[in-house]
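Now for the letters of each chain:
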Amino acid sequence: MVRKGLGLTFEGGAFVEQYMLGDVEVDWAMPRGYGIRSMHQTDGETDDLLVCIPLPGRRRYRMSMLVPSDLAGTGTPAADKIAHGFEAGPAPELSHIQAVLDRLSPQPTRASNLRWSSVFRISHRIVDSYGRGRVFVAGDAAHIHPPTGAQGMNTGIQDAHNLAWKVALAVSGAAAPDLLDSYDAERRPVGEEVVGRTVRSAREGIGAGSSDPDYVIRREAQLLISYADSPIVGEPASNAGLAPGSRAPDARGLTRTTVAFPLRLFTLLAGPNHTLLLYADDSVDARGLELLEAAATSVDAATGGLVDTYLVASPAAEVGETVLPLIRDRDGEFARAYGAEGAAAFVIRPDGYLGFRQSPVAVDGLTGYLKPTFR
Ligand SMILES: Cc1cc2nc3c(=O)[nH]c(=O)nc-3n(C[C@H](O)[C@H](O)[C@H](O)COP(=O)(O)OP(=O)(O)OC[C@H]3O[C@@H](n4cnc5c(N)ncnc54)[C@H](O)[C@@H]3O)c2cc1C
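Residues numbered from 1 in each chain as written. Predicted model: local features only at pLDDT ≥ 70, side-chain atom pairs only at ≥ 80, totals over all residues. Heavy atoms only, no water.

J.: Looking at this structure, I do not really get the pairing of strand β13 (residues 307–313). What am I missing?
T.: Remark: a regular strand shows side chains that alternate across the two faces of the sheet. The element β13 is largely enclosed, with a buried count of six among its seven residues. Sheet topology places strand β12 (residues 274–280) next to β13; seven bridges connect them, and they run parallel. Of the residues in β13, the one forming a bridge with Tyr 279 is Val 312. Judged from the three bridges that link them, β13 and strand β14 (residues 326–329) form a sheet pairing that is parallel. The residue bridging Ala 313 from the neighbouring strand is Arg 328, located in β14. (Buried < 20%, exposed > 50% of the residue type's maximum accessible area, 1.4 Å probe, protein only. Helix = DSSP H or I, 4+ residues; strand = E, 2+ residues; numbered from the N terminus. Pairing = 2+ DSSP bridges.)

Here it is as structure tokens:
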């Protein structure tokens, strides 16, 4: 109703295949906590499938399989009908699940104690815009796709996180006029990539296009998402350090004056505001420190105090007299993770992405970067 009311299209299609789900216990001796994916192919096409995801409880799994013909609804869904999710109609029984286990289980096993089961269909569709005017769509309202790789809920939550801080700034009157447009600019390419990749993964398996498991795990965990092309993200650094638009990584071993236990950077970033991290290493002198403090004052004025600022200093940097909240990069983790050297500035957005970096720090460039975000 919302999509139609806004005049948004939802292009894509439906998989002909139907799937079934069942929560069961099995008596196999597979290692605890591992997922299992087993399939049979004929001429490169998957014609039998078993995916077992461990659930809390002893030997309890959620199993997903192609539906047998006696449970399948008839025909392909009409092109204009969005067939996605659970179907009404008869639910799978233990015997249906056992038949697939007998063909594809890695060890002979008996399924028992069926707690819940259903039949579901999968579509792959995406809207042509993530919003119109004051109305936005996020999550499954914006994109639907196969559950392969467990991307749906995670993508939807990240849509919401990307949108929430922008709406919050707009509602309080602090947002620049075009800030809300960056939601579609940043999230629709992510949605398109997820829809395309999960459709490929459903046919070929997760990681079929890559021989590097480390890369595949990071991609499926959505750690590699980048907004580098966004209108509200700054230019790449001249050194090889972390590129603006990347997810801001954590750094441990940060210490504060008079406090014994160290902090994680994520603790500093956990609030709802933007965070400005000004960095100083041992080469920064008193004049350099004054420039960093002046930058902090300008950012405060340009954003109405909506940016939280910290000075992150190398262990021996002579910045003890600063008026800024001082954090020591005791183990150098921050400098390594961000490629920080000399005097530098990093702006991290409320959704945990690096928006801007600069070294040496020039106040005009820093406040200029903030203009498409803050009124
Ligand atoms: C079999 C299967 C397995 C999956 N496994 C995973 C997984 O492992 N990991 C993962 O990340 N994702 C997974 N997903 C995807 C995930 O479930 C969805 O992406 C996610 O639930 C979408 O959340 P949502 O809030 O956008 O939409 P929904 O969860 O659909 O919530 C929308 C809500 O809006 C309500 N609603 C609709 N219309 C109206 C209206 N007019 N007025 C008021 N309320 C309305 C609905 O009742 C519903 O409660 C799976 C999906 C399936 C089908």
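J.: Would you mind going over the packing of aromatic side chains with me for this structure?
T.: Aromatic ring pairs: the centre-centre distance and the angle between the two ring planes describe each pair. Considering all chains together, one arrives at 10 aromatic pairs under this definition. The interplanar angle of 15° and the centroid separation of 4.8 Å between the aromatic rings of Phe 356 and Tyr 369 together place this pair among those described as stacked. Here Phe 356 is found in strand β16 (residues 354–358), whereas its partner Tyr 369 is found in helix α9 (residues 363–370), with 13 residues between them in sequence. Taken individually, Phe 356 and Tyr 369 each receive the classification buried, so the pair is uniform in this respect. Members of the aromatic cluster, joined through ring pairs, are Tyr 279, Phe 334, Tyr 338 and Phe 346. Over the face of the ring belonging to Phe 10 we find Arg 3, whose NZ or CZ atom lies 3.7 Å from the ring centre. (Phe/Tyr/Trp six-rings, centres within 6.5 Å; stacked < 30°, edge-to-face > 60°. Lys NZ or Arg CZ within 6 Å of the ring centre and 35° of its normal.)

J.: I keep staring at the side chain of Glu 186 and nothing clicks. Help me out?
T.: Looking at where Glu 186 falls in the secondary structure, it is placed in helix α4 (residues 181–204). Looking at Glu 186, its side chain comes within polar contact range of the side chain of Lys 166, at 2.9 Å. Contacts of Glu 186, omitting those with residues within four sequence positions, involve Asn 162, Lys 166, Tyr 227, Ser 230, Ile 232, Val 233 and Arg 349. (Polar contact = N/O pair within 3.5 Å; in protein donor to acceptor, adjacent residues only side chain to side chain. Contact = heavy atoms within 4.5 Å.)

J.: Looking at this model, I keep getting lost on the site of the ligand. Mind explaining?
T.: Neighbouring residues of the ligand: Leu 21, Phe 120, Gly 139, Asp 140, Pro 147, Ala 150, Gln 151, Gly 152, Met 153 and Asn 154. One nitrogen or oxygen atom from the main chain of Gly 152 is found 3.5 Å from an oxygen atom belonging to the ligand. Met 153 has a polar backbone atom sitting 2.8 Å from an oxygen atom of the ligand. Across the complex, the protein chains shield 37% of the 1,000 Å² of accessible surface that the ligand would expose by itself. For the shell around the ligand, the residue count by class is five nonpolar, four polar and one charged. (Near = heavy atom within 4 Å. Areas by Shrake-Rupley, 256 points an atom, 1.4 Å probe, with all protein chains shown as cover. Nonpolar A, V, L, I, M, F, W, Y, C, P; charged D, E, K, R; others polar.)

J.: Would you mind going over the nonpolar core with me for this structure?
T.: Among soluble globular proteins, nonpolar side chains are generally buried collectively. Core analysis: the largest hydrophobic core is formed by 30 residues, its most contacted members being Leu 169, Leu 276, Leu 278, Leu 311, Val 319, Val 347 and Leu 366. Listed by contribution, the elements that provide at least two residues to this core are α3 (152–171), β12, α7 (286–303), β13, β15 (343–348) and α9. The element best represented in this core is α7, accounting for five residues. Each of domain 2 (129–220) and domain 3 (254–370) accounts for three or more of the residues forming this core. (Core = buried A, V, L, I, M, F, W, Y, C linked by side-chain atoms within 4.5 Å. Domains from an automatic or database assignment.)

J.: Which parts of the structure should I look at to understand the pattern of salt bridges?
T.: Taken as a whole, this structure holds 17 salt bridges when the rule is applied. In this structure, Glu 192 engages Arg 188 in a salt bridge whose closest nitrogen and oxygen atoms are separated by 3.6 Å. With a gap of four residues between them, Glu 192 and Arg 188 both fall in helix α4, about one helical turn apart. The class of Arg 188 is partly exposed, set by a relative accessible area of 22%. Each of Lys 166, Glu 186, Arg 349 and Asp 351 takes part in a single network of salt bridges with overlapping partners. (Salt bridge = Lys/Arg side-chain N within 4 Å of Asp/Glu carboxyl O.)

J.: Is there a simple way to explain the packing of α7 against α9 in this structure?
T.: Angle between the axes and distance between the axes are the two parameters that describe a pair of packed helices. For the pair α7 and α9, interaxial distance at closest approach is 10 Å and the crossing angle is 25°. In terms of their interaxial angle, α7 and α9 are classed as roughly parallel. The two elements α7 and α9 meet at a crossing, and its hand is right-handed. Two secondary-structure elements touch here, α7 through Ala 295, Ser 298, Val 299, Ala 302 and Thr 303 and α9 through Val 363, Leu 366, Thr 367 and Leu 370. Among the residues forming the contact of α7 with α9, the class breakdown is six nonpolar, three polar and no charged. (Axes fitted to C-alpha atoms, helices over the stretch in contact; angles between N-to-C directions. Parallel < 35°, antiparallel > 145°, perpendicular 65-115°, else oblique. Left-handed = near helix turned anticlockwise from the far one by under 90°.)

J.: Would you explain the side chain of Arg 187 in this entry?
T.: As for its placement among the helices and strands, Arg 187 is situated in helix α4. Once residues within four sequence positions are removed from consideration, Arg 187 is found in contact with Tyr 130, Thr 155, Gln 158, Asp 159, Asn 162, Ile 225 and Tyr 227.

J.: Help me out: how do you make sense of the pairing of strand β2 (residues 36–42) in this one?
T.: Sheet topology note: the β2/strand β3 (residues 45–54) ladder contains seven bridges and is antiparallel. From the neighbouring strand, Thr 42 faces β3, where its bridge partner is Glu 45. Adjacent in sequence and paired antiparallel, β2 and β3 are bridged by two residues, among which Asp 43 carries a positive phi angle near 50°.

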